[in-house]
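Chain and residue survey
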Amino acid sequence: MAGPHKVGGYVESWCGKCKLMLGHTIEAMVEGEPARVQCNTCKSQHSYKPFRPGDAPKQVRQREERGPVGPQPGKARASHYQELLKGKNPALAKRYSPKDKFAPGDLVEHPSFGLGVATANKDGSKIEVLFDDGPRVLVHGR
Ligand SMILES: [Zn+2]
């Protein structure tokens, strides 16, 4: 169907009386979709059914598969990074230097890896920092 539907317009719908896909006149719209239609053949009024009853489940399932889904497996780490950065001020990031000491939660500005968030202390002289492209272990407190 070309163009948006409108009340009084033509739409193909399943008619439960005729048991056929037939031309219908739109009588009411809900959120841009025909809600009630009248069969142009038998004049019966009923709700809009865009598919034959047997076809509907398959078509709906295909639409769900193509629609927006949850986080992609590969993006879980990036979103964790975004979450750690949330509410933090990048202007307050400490410039990374192996001489400085960092604590979990600190923002770290690294000359080659960019902005990161310290996540864990490792045996006193190393700190794990999560960057945009993944976690890295850096030396600190030297
Ligand atoms: Zn009909």
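Scroll up a little and you will see the structure.
In what follows, the accompanying structure is described. For every chain, the first residue of its written sequence is number 1, and the numbers climb from 1 along that sequence. Restriction of local features to residues with pLDDT of at least 70 applies here, the model being predicted, together with a cutoff of 80 or more for giving and counting side-chain atom pairs; totals for whole chains, interfaces and linings are based on all residues. Just so you know, side-chain values use all the structure's heavy atoms and leave hydrogens and water out.

1. Points about the packing of aromatic side chains
Here is the rule we go by: Aromatic rings from Phe, Tyr and Trp, with only the six-membered ring used for Trp, were paired whenever their centres fell within 6.5 Å, and each pair was classed as stacked if the ring planes differed by under 30 degrees, edge-to-face if by over 60, and tilted otherwise. Burial status follows relative accessibility: with a 1.4 Å probe on protein chains alone, a residue under 20% of its type maximum counts as buried, one over 50% as exposed, and anything between as partly exposed. Placement of a positive charge over a ring is assigned whenever Lys NZ or Arg CZ falls within 6 Å of the ring centre and within 35 degrees of the normal to the ring plane.
The full count for this structure, using the stated rule, is 2 aromatic pairs. Each ring, one from Tyr96 and one from Phe102, has its centre 5.9 Å from the other, and the planes form 25°; the classification is stacked. Tyr96 gets classed as buried once you look at its relative accessible area, which sits at 15%. Take Phe102: its relative accessible area is 3%, and that puts it in the buried class. For the cation-ring pair, Arg136 lies above Phe113, with the distance from its terminal atom to the ring centre recorded as 3.8 Å.

2. As for the nonpolar core
Stated formally: Residue types Ala, Val, Leu, Ile, Met, Phe, Trp, Tyr and Cys, when buried and joined through side-chain atoms within 4.5 Å, form a set referred to as a nonpolar core. Secondary structure follows DSSP: runs of H or I at least 4 residues long count as helices, runs of E at least 2 residues long count as strands, and numbering of each begins at the N terminus. Residue contacts are counted whenever heavy atoms from the two residues lie within 4.5 Å of one another.
In this structure, Tyr96, Phe102, Val108, Ala118, Ile127, Val129, Phe131 and Leu138 together form the largest nonpolar core, which totals 8 residues. By residue number, the principal contributor to this core is strand E8 (residues 126–131), which donates 3 residues. In contact with Val129, not counting residues within four places along its chain, are Val108, Gly116, Val117, Ala118, Thr119, Gly134, Pro135, Arg136 and Leu138. In this structure, Leu85, Ala93, Leu115 and Val117 belong to the second largest nonpolar core, which totals 7 residues.

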